[in-house]
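Here's the letter readout for the chains.
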Amino acid sequence: MKRVGLQYLLPATIAVVVLYFSVATINQYCFTLPVLPTADQNMRYLDNFSNNRQFEHTFLAANDSSETIYLMGSSELTHTSSAAPYNFIPDHFQTKVVAIGHAGNQCFSIYSQLLANQDKLECAPIVILLSPGWFHTGFSAGTASSSFLEYNTPTFLNQVLANAPDDEFRAYEAKRIADFYTEIVNPDLSLKLLNYEHQSSKSFLHKGCYYPLIAVDEWLNRKKYEMIGKPEKPVYRRKAIVSEAIRIDWDSLFIASKEEQRKRSTSNDWWIEDAFFAETNGDNGRLFPVSDANNTELEDFRMLVKLLKARKANVSFVIMPLNPSYYENCAELTPVMRHLEKELKANHFPFLNTWDSNPKTFDNGILSDVMHYSDYGWYRVNQFIVNTYHLAK
Amino acid sequence: MLPFSTYEFFLVMGAFIGMLLVCKLWLKDNAYKYVLAGLNLLFLSVFFPQPLHFFVLIIYSYFFVYLFSTVLKPKLKIWGIIILLLPMLLVKFDIQIASYPFKINNLLSFAGLSYASFRIVGYYMDKAPTEKMANPFTYFNFLSFTPTLLIGPIERYGRFQAAEATGFSTLTSEHFITGWNALLKGLVFKYICAEVVDRYWLGGLEGTTYSSLSSLNDYYAYYFYLFFDFAGYSFMALGIGYMMGMKVPVNFTNPFVAVNPQDFWRRFHISLGDWLKDYFFTPLYMFLTRKKSLKKYPITRQNTALLLTFTLMGCWNGFTSNFVLSGLLFGTYSLIHNTYVIQCKKKNKDVVFGTMNPKAVRWISIIVTFHLTAFALYVFSGRF
């Protein structure tokens, strides 16, 4: 044992001690932090936060000259046009709209971004686009880990860790992170801490086993931020939304844009743009609804609504449709859509429901393909936002 | 927390080793397996992501091994093997039932399932009908021994039982030093060598002016990456195993100097090669030998068994084309090499190299084997 102590354990201990005292110097010389560009005040669309770290601290804040409405959703936001709210509203009103998201930014990802910034949630104008696609097939298992990490950066996750430890919202965040934790390669310390927090809540035994690991990781996390510097303090600007004397002739916009959509879909009667329709080969699609018990996305949605209610956000929702002519079993998803509507009604949140599973009554032309808004669809959303937030007198 | 996935795992293992050393002071040798079972149980139930899955597999396999080897005793062991491999097969086939929105994988899959399944089949194949069932504690330790839980090596029950039976007496400074050295070697392989290859070599030519050479670059880089990554894991498992008092078999010994495909599998993932040889190749070869129609064709029998064995090895990783194709490639290499060896024996001379200097023959063999292996592993990677 003497040999083990002298030749193996002692050198290892010395190495650890030397590393402890020299880690700051090593970091200083070997690793440099990337310099972030200045946040562009006129930015209208962010695909995620991991590529746009400079916007982390301005998220949910008003800009210098007016209030900003935050539009959060998934793939529909990447179908850009002048009619999209983040273009149409800033082009016509003082109030800005910043859209955040692309495919995969589902309820839990949005929940986590908002929870990280809960101090700024009160009265924050937010519009959340709910895609029916999130609530069926594998998507109903909730936000994928890769998508979650795109939007929920270490800065945001550390902000979640700064929330009250006994908070039910933080506990839900930790539980959901634990669900996909093993899929993450080289998780950040903040993710580890949230996962361990959930694990340690399982039993007294878990608590005892995880306690030292949490203590070590908390210490490391503190050291890390001592070295790289704490992230910029979030901005807490909140401005009143200005009602302007602007009159928009919605009916004309609806008629013209609907006509335009008709012209783009000459190859079919389903009002699907020709290019996309060609990809479908004229075949119908099918939905795979999930029972409520298996629908994690629905649970995420309920927690999202609960969080926004508790933090008194000025939030509204848009329930998007699917093309019922294309999806032959569209009606099977209606119960889930009714759940969403019921939840929003119960919490008195304004919402626009464009879901309709009946091909005979469906507002043809509202979608450009089978699930993304056309210009006509966006104008309907714009009208809803303008009315909900009283942008026009 | 999965084994070796994070530094905290090493802290937990350090605590386990410490606990075993303390127990050695107070307990008798025969208590070792119970202490080990307690530690494995603690890791599974507190740190492992899906403990229930693992516990169910252990109970399921223990019951069916008992049923098939002691009660039913079917003439052909294949039925027992199919039942024991069923959870793994359902996962590998990636089945989706129309009425259920998720794949079967989502329900059944868990880390370490493949390795556990191979250990289970090994135990079933080795167990004689008259032999008593394994001690439940030893069986539990055999399947859930923390250092080898996730990435092997594929242990054999007999060897594991013998190592466990030595009790606390193997917790010696010699074992600790052997383990420590293996652990350090594994850490360097996995966290330095594999990381450097992955970051700076693999895919390093993509998007550069030399992108046309990208595939060729990856062809070599992937071989080195796979070796350092996998061998790194295996050495870490071996190291921690030794420090916990269990002799874990060596899984890698210089595969880059292999002179032929047979030699390669004696050096690369040795436990898998041995497992396939003992539990698939040999029984299959014996089965083919008993076939009257094949009695006159010993080379055909051997080559058929070889090709099927390596195809199975490819399929073990999944039923996707890259895995199956790489298995077929390794099978083809072995088949050609086997034919060459038999021809040399028949004609009593080297039918390819003739009287060439043995040193030169050795170097040529190493270079050819290295390139062929790198190609098969490149196919395996699915990067083409």
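Residues numbered from 1 in each chain as written. Chains lettered and ligands numbered in written order. Predicted model: local features only at pLDDT ≥ 70, side-chain atom pairs only at ≥ 80, totals over all residues. Heavy atoms only, no water.

## Observations concerning the overall build of chain B
The helix and strand inventory of chain B stands at 15 helices and zero strands. Rg of the C-alpha trace for chain B: 22 Å, near the compact-globule value of 21 Å for 384 residues, within the 12% margin. The 384 residues of chain B split such that 52% are buried. Sequence-distant contacts, at least 24 apart, represent 70% of the contacts inside chain B between residues at least 6 apart. Within the structure as shown, chain B displays about 18,300 Å² of accessible surface, and the carbon and sulfur contribution to it stands at 68%. Separation between the mean location of the 33 positive side-chain charges and that of the 17 negative ones in chain B comes to 14 Å. (Helix = DSSP H or I, 4+ residues; strand = E, 2+ residues; numbered from the N terminus. Rg over C-alpha atoms; globule rule 2.2 N^0.38 Å. Buried < 20%, exposed > 50% of the residue type's maximum accessible area, 1.4 Å probe, protein only. Contact = heavy atoms within 4.5 Å. Areas by Shrake-Rupley, 256 points an atom, 1.4 Å probe, with all protein chains shown as cover. Lys, Arg positive; Asp, Glu negative; His and termini not counted. Charge placed at Lys NZ, Arg CZ, Asp CG, Glu CD.)

## Points about the environment of B:Ala221
All names here are of chain B. Along the chain, alanine 221 falls in helix 10 (residues 214-243). For the pair alanine 221 and alanine 374, spaced 153 residues apart in sequence, the C-alpha to C-alpha distance is 8.8 Å. Apart from the residues within four sequence positions on either side, alanine 221 is in contact with Val197, Trp201 and Leu202.

## Focus: the sheet that holds strand 3 (residues 96-100) of chain A
All names here are of chain A. Strand order in the open sheet formed by six strands is 1-3-2-4-5-6, with parallel pairing between adjacent strands. Each edge of the sheet is formed by a strand with only one pairing partner; in this case those strands are strand 1 (45-46) and strand 6 (351-353). In this sheet, strand 3 lies alongside strand 1 in parallel orientation, the contact comprising two bridges. Its bridge partner being in strand 3, leucine 46 is matched across the sheet by isoleucine 100. (Pairing = 2+ DSSP bridges.)

## A look at the pairing of strand 5 (residues 314-319) of chain A
Looking down a regular strand, the side chains alternate between one sheet face and the other. Residues and elements named next belong to chain A. Most of strand 5 sits inside the fold, with five of its six residues counted as buried. Relative to strand 5, strand 4 (residues 125-130) runs parallel, the two being bridged by six bridges. Residue pairing across strands places leucine 130 opposite isoleucine 319, the latter belonging to strand 5. Here strand 5 runs beside strand 6; their pairing, made up of three bridges, is parallel. For phenylalanine 317, the partnering residue across the bridge sits in strand 6 and is phenylalanine 351. Chirality of the crossover, the property in question, places the unit of strand 5, helix 12 (residues 334-346) and strand 6 among those that are right-handed. (Right-handed = clockwise from strand over helix to strand, strands pointing away.)

## Here's the deal with the packing of helix 2 (residues 32-47) of chain B against helix 3 (residues 51-72) of chain B
Residues and elements named next belong to chain B. Between helix 2 and helix 3, the least distance of the axes is 8 Å, while the angle of their chain directions is 135 degrees. On the basis of their axis angle, the class for helix 2 and helix 3 is oblique. When helix 2 is examined against helix 3, the residues Leu41, Leu44 and Ser45 are found in contact with a partner set consisting of Pro51, Phe54 and Phe55. Each residue belonging to the contact of helix 2 with helix 3 can be placed in one class, and the counts come to five nonpolar, one polar and no charged. (Axes fitted to C-alpha atoms, helices over the stretch in contact; angles between N-to-C directions. Parallel < 35°, antiparallel > 145°, perpendicular 65-115°, else oblique. Nonpolar A, V, L, I, M, F, W, Y, C, P; charged D, E, K, R; others polar.)

## Points about the nonpolar core
Judged by nonpolar contacts, the single largest core of 192 residues is most densely connected at A:Leu114, A:Ile126, A:Ile128, A:Leu130, A:Leu308 and A:Phe317. At 18 residues, the largest contribution of residues to this core is made by helix 10 of chain B. In contact with A:Leu308, other than residues within four places in its own chain, are A:Leu114, A:Leu121, A:Ile126, A:Ile128, A:Ala313, A:Val315, A:Phe317 and A:Phe349. Counting 32 residues, the second-largest nonpolar core is a separate cluster that includes A:Leu129, A:Tyr379, A:Val386 and A:Tyr389. (Core = buried A, V, L, I, M, F, W, Y, C linked by side-chain atoms within 4.5 Å.)

## Digging into unusual backbone geometry
Note on backbone geometry: most residues besides glycine have negative phi, and most peptide bonds are trans. Unusually for a residue other than glycine, A:His390 sits at a positive phi of about 50 degrees. Position of A:His390 among the secondary structure elements: in the segment after helix 13 (375-388). A positive phi angle, close to 45 degrees, is found at B:Lys73, a residue other than glycine. Checked against the element boundaries, B:Lys73 lands in the loop between helix 3 and helix 4 (78-92).

## Re empty space enclosed by the protein
The probe, sized like a water molecule, is rolled over the atoms to show the empty space still left. All names here are of chain A. Summed over the entire model, instances satisfying the criterion amount to two cavities of 30 Å³ or more. Within this model, the largest cavity holds a volume of roughly 200 Å³. Mapped onto the lining of the largest cavity, the elements with two or more residues apiece are strand 2 (68-72) and strand 3. In terms of residue count, the dominant contributor to the lining of the largest cavity is strand 3 (three residues). (1 Å grid on protein atoms, 1.4 Å probe; cavity = no way out; pocket = protein on both sides within 12 Å on 5 of 7 lines; lining within 4 Å. Points joined across faces, edges and corners; volume = space filled by probe spheres on them.)

## Digging into the domain arrangement of chain B
Residues and elements named next belong to chain B. With domains assigned, chain B is organised as domain 1 (7-169), domain 2 (173-249) and domain 3 (257-381). Using C-alpha coordinates to define each centre, domain 1 is positioned 30 Å away from domain 3. Of the residues lining the interface, 13 residues belong to domain 1; the matching set on domain 3 comes to 13 residues. Where domain 1 meets domain 3, there are one salt bridge. Between arginine 156 and aspartate 278 there is a salt bridge, with its nearest N and O atoms 3.0 Å apart. Taken together, the links from domain 1 to domain 3 amount to seven residue pairs in polar contact (both at pLDDT 80 or more). Residue assignment for the side of domain 1 that touches domain 3 shows that the elements contributing at least two residues are helix 4 and helix 6 (113-126). By residue number, the principal contributor to the side of domain 1 that touches domain 3 is helix 6, which donates seven residues. (Domains from an automatic or database assignment. Salt bridge = Lys/Arg side-chain N within 4 Å of Asp/Glu carboxyl O. Polar contact = N/O pair within 3.5 Å; in protein donor to acceptor, adjacent residues only side chain to side chain.)

## Observations concerning the interface of chain B and chain A
Contacts between the two partners involve 21 residues from chain B, matched on the other side by 24 residues from chain A. Of the roughly 2,000 Å² buried at the junction of chain B and chain A (both faces included), carbon and sulfur atoms supply 71%. Our count for the contact surface shared by chain B and chain A stands at one salt bridge. Scanning the region where chain B abuts chain A turns up six residue pairs in polar contact (both at pLDDT 80 or more). Put simply, the parts of the chain that give the side of chain B that touches chain A at least two residues each are helix 1 (7-26), helix 2 and helix 9 (173-201) of chain B. (Buried area = accessible area lost by both parts, 1.4 Å probe.)

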